[in-house]
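Next come the chains, spelled out residue by residue.
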Amino acid sequence: MTSATLLTPVRSSSRPHDPPPPGRPVRTDQRAYVRTLVVLDAAVLAVAVLVGYAVRFGEAAPRGPVPYVLVAPALVLAWLVSLKALRCYDDRVVGYGADEYRRVSMASLRLAGATAIAGYVADVGVSRGFLAITFAVGTIGLEVARFAARKRLHRARSQGSGWSRQVLVVGDTAHVLELVHTLRREPYAGYQVVGACIPDALLAPVAQRLGDVPVVGSFRAIPEAAAAIGADTVAVTACGELTATRLRRLGWQLEGTGIDLVLAPALTDVAGPRIHTRPVAGLPLIHVEAPEFRGVRKLVKGFVDRSMSLIALALLLPLLAAIALAVKLDSRGPVLFRQTRVGQGGQEFGVFKFRTMVVNADVLLAELAARNETDGLLFKMRDDPRVTRVGRLLRKWSLDELPQLVNVLLGQMSLVGPRPPLPSEVARYDGDVARRLLVKPGMTGLWQVSGRSDLSWEDGIRLDLYYVENWSLAADLTILWKTVGAVVNSRGAY
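Quick look at the overall build of the chain now. The secondary structure content of the chain amounts to 16 helices and 13 strands. Residue pairs at least 24 apart in sequence account for 73% of intrachain contacts in the chain once pairs closer than 6 positions are excluded. Counting only carbon and sulfur atoms, one obtains 63% of the accessible surface of the chain, whose full area is about 25,600 Å².

Put into structure tokens, the structure is as follows:
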């Protein structure tokens, strides 16, 4: 969900899958991944055709002159061609971002429309029910298969294997280090830094390294440096010496080499829907839309929150009763724990949770302060002695937070949003961190699906601010879906 940095590709004249020039390493991992996607897509489409045929006709043979034994493979082939035509196998698209899913859906919809029109005009007699079922099953199957393939690729990248772009970072020292840090923060994005080029004035007579990144040259020989270290991508950061003229010449120098040129502006943590590139006087100006904190979309979000919380409370009532009984029998004290938190606009409210600690937990906190295992303003301990036996189970599966559905129903919280802070935390906020209070806090959010208690204070704040700036209903649904996986795997829960 988060964007590591705003990487704007600048395409060279070479095609993404053309053979590289002599001396340049072949992207074998990338090509193997694309071949896997083609085989996977073909298998999914074959299954979709079989399902469409079985559901529409069953065991009875279809009537009419249409030979479905020929229609089925022709449809699969046409579908694969449509995916190829919309560049669903482009290495700049696959593996990261929502564009891959959009292109797969668009390719399927366009083929479905073209097939319907062609069938009507030519009157070939192919069953419309067969086509409708096949396209529905195939489109969903393609999206699920792409998601599964991407998750496997992301796991491989996070473990140091799998196909990744080999990146040469170009810029001054400060911006190079910042971009390297940003790209390494999210290794699953597939940008592996293998070297850096810095201005001539910063070069030393001996071999240099920026952190653990080797300096392989200056701005005078960027294409040569990229070829020497086997880089397939040149990422240019903000730098005063890289003028528009020098960047244009660099693009010309990379033409025909198969090496991609991407620009990484100083602007970060801005989601794609807020970004629009507009050519003005020959300049590709990046227009950034202001965040939306009110309006119709906010009203819709509030309606969805309250409706879903009401439905969830009704469905989970037996589970809530069972948890309440377990908490009551496990240790003395109230079933629910009500704690003051700060919501939208700095308004305080009482957040509801099932009690997971002993009744005098606040008194014991002072004695445990020296054993804090996190940085920033939070207190976290993996083996907190204040947590009860039932409380450990509730925290492991995040069941202690279910009563917050009442807070959502009352309009104090949202299903998705920043983590609700304590008043003591808010009192120490600076101007940037205080932007978390521009939206309602959430039961879940980017902080939960990204590691929860395993996150540092800095990373947790960064994710919260990213959500505040770039929230959308589609992103909320994605986070809710990912929350299920985070809860099942108990990532960062203690």
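The next point concerns the confidence of the model for the chain. Close inspection of predicted coordinates is inappropriate in any region flagged by low pLDDT. Model confidence for the chain is summarised by a mean pLDDT of 82, while 81% of its residues fall at 70 or above. Within the chain, the element-level pLDDT minimum falls on strand 1 (residues 8-10), averaging 50, and the maximum on helix 12 (residues 404-409), averaging 96. Taken together, the stretch residues 1-6 has pLDDT below 50 and engages in 32 contacts with residues farther than four places along the chain or on a different chain. In the model, residues 11-26 has pLDDT below 50 throughout and makes 34 contacts with residues more than four positions away in sequence or in other chains.

This part covers the packing of helix 2 (residues 68-85) against helix 4 (residues 128-158). At a minimum axis separation of 13 Å, helix 2 and helix 4 run at an interaxial angle of 40°. When the interaxial angle is binned, helix 2 and helix 4 end up oblique. Crossing handedness for the pair helix 2 and helix 4: right-handed. Every residue of helix 4 that contacts helix 2 at Tyr68, Val71, Leu75, Trp79 and Leu83 is listed here: Phe130, Leu131, Thr134, Phe135, Gly138, Thr139 and Leu142.

Here the focus is helix 16 (residues 473-489). Since there are 3.6 residues in each turn of an α-helix, residues three or four apart along the chain are aligned in direction. Taking 1.5 Å per residue, 17 residues should reach 24 Å; helix 16 reaches 25 Å between its end C-alpha atoms and fits that length. Among the structural elements, helix 8 (296-315), helix 11 (389-396), strand 12 (414-416), strand 13 (442-444), helix 14 (446-449) and helix 15 (457-470) are those in contact with the buried residues of helix 16.

Scanning the model with the defined rule gives 3 aromatic pairs in all. For the pair Tyr53 and Phe57, a centre-to-centre distance of 5.1 Å together with 55° between the ring planes defines the contact as tilted. Placement of both Tyr53 and Phe57 in helix 1 (residues 28-57) is noted, with a separation of 4 residues, approximately one turn of the helix. Note on Tyr53: relative accessible area 30%, which makes it partly exposed. Judged by relative accessible area, Phe57 falls into the buried class, the value being 13%. For the ring pair Trp79 and Phe135, a centre distance of 4.8 Å and an interplane angle of 45° mean the geometry is tilted. Of the two residues, Trp79 sits in helix 2 while Phe135 sits in helix 4, which places them 56 residues apart along the sequence.

What follows covers the pattern of salt bridges. One pass over the full model with this rule turns up 15 salt bridges. Between Arg87 and Asp90 there is a salt bridge whose closest N-O contact spans 3.1 Å. For Arg92, the salt bridge identified is with Asp90, shortest N-O distance 3.9 Å. For Asp90, a relative accessible area of 3% puts it in the buried group. One continuous salt-bridge network, built from bridges that share partners, spans Asp41, Glu100, Arg146 and Arg150.

A cluster of nonpolar residues, Val47, Val51, Val55 and Val137, forms a patch on the protein surface that exposes about 290 Å² of accessible area. Looking at the nonpolar patch, the element that brings in the most residues is helix 1, giving 3 residues. In this fold, Val47 is placed in helix 1.

A few words on the packing of helix 3 (residues 99-122) against helix 4. Running from amino to carboxyl end, helix 3 crosses helix 4 at an angle of 165°, the nearest separation of the two axes being 10 Å. When the axis of helix 3 is compared with that of helix 4, the two are roughly antiparallel. In this structure, the crossing between helix 3 and helix 4 has a hand that is right-handed. Contact residues: Glu100, Tyr101, Val104, Ser105, Ser108, Leu111, Ala112 and Thr115 in helix 3; Leu131, Phe135, Thr139, Leu142, Glu143, Arg146, Phe147 and Arg150 in helix 4.

Membership of the largest hydrophobic core comes to 31 residues, with the highest contact counts inside it found for Tyr33, Trp79, Leu83, Phe130 and Leu142. Secondary structure elements with two or more residues in this core: helix 1, helix 2, helix 3 and helix 4. It is helix 2 that contributes the most residues to this core, 8 residues altogether. Residues contacting Phe130, with those up to four places away along its chain left out, are Val49, Gly52, Tyr53, Arg56, Phe57, Tyr68, Val71 and Leu75. In terms of nonpolar packing, the next biggest core, distinct from the first, is built from 25 residues, Leu320, Leu415, Met443 and Leu455 among them.

It is worth spelling out the side chain of Lys353 at this point. Assignment of secondary structure puts Lys353 in strand 11 (residues 348-354). On the basis of relative accessible area, Lys353 is assigned to the buried category, the value being 18%. Leave out the neighbours within four places in its chain, and Lys353 touches Val335, Leu336, Phe337, Asp400, Glu401, Pro403 and Gln404.

The backbone phi angle of Arg87 is positive, close to 60°, even though this residue is not glycine. Structurally, Arg87 is set in the loop between helix 2 and helix 3. For Ser398, which is not glycine, the phi dihedral falls at a positive 60°. By the secondary structure assignment, Ser398 is in the loop between helix 11 and helix 12.

What follows concerns the side chain of Ser414. With respect to the secondary-structure elements, Ser414 resides in strand 12. For Ser414, a relative accessible area of 1% gives the class buried. A polar atom in the side chain of Ser414 sits 3.1 Å from the backbone oxygen of Val416. Ser414 has contacts with Lys301, Asp305, Val408, Lys440, Pro441, Gly442 and Met443, leaving out every residue within four places of it along the chain.

Further remarks concern helix 11. Among the residues of helix 11, those classed as buried are Val390, Gly391, Leu394 and Arg395. The buried side chains of helix 11 occupy one side of the element, clustering within an arc of 135° when seen end-on. Of the exposed residues in helix 11, those oriented more than 90 degrees away from the buried face are Arg389 and Leu393. Buried positions along helix 11 lie against helix 9 (317-330) and strand 11. Structurally, the start of helix 11 carries an N-cap: the backbone nitrogen of Gly391 is 2.9 Å from a side-chain oxygen of Thr388. Directly after helix 11, the chain includes Ser398, whose backbone phi takes a positive value near 60°.

Basis of the calculations
- Residues numbered from 1 in each chain as written.
- Predicted model: local features only at pLDDT ≥ 70, side-chain atom pairs only at ≥ 80, totals over all residues.
- Heavy atoms only, no water.
- Helix = DSSP H or I, 4+ residues; strand = E, 2+ residues; numbered from the N terminus.
- Contact = heavy atoms within 4.5 Å.
- Areas by Shrake-Rupley, 256 points an atom, 1.4 Å probe, with all protein chains shown as cover.
- pLDDT = per-residue confidence, 0-100.
- Axes fitted to C-alpha atoms, helices over the stretch in contact; angles between N-to-C directions.
- Parallel < 35°, antiparallel > 145°, perpendicular 65-115°, else oblique.
- Left-handed = near helix turned anticlockwise from the far one by under 90°.
- Expected span 1.5 Å × (residues − 1).
- Phe/Tyr/Trp six-rings, centres within 6.5 Å; stacked < 30°, edge-to-face > 60°.
- Buried < 20%, exposed > 50% of the residue type's maximum accessible area, 1.4 Å probe, protein only.
- Salt bridge = Lys/Arg side-chain N within 4 Å of Asp/Glu carboxyl O.
- Patch = residues over 30% accessible without salt bridge, like charges linked within 9 Å, V, L, I, M, F, W, Y side chains within 5 Å.
- Core = buried A, V, L, I, M, F, W, Y, C linked by side-chain atoms within 4.5 Å.
- Polar contact = N/O pair within 3.5 Å; in protein donor to acceptor, adjacent residues only side chain to side chain.
- Arc of directions from axis to C-beta.

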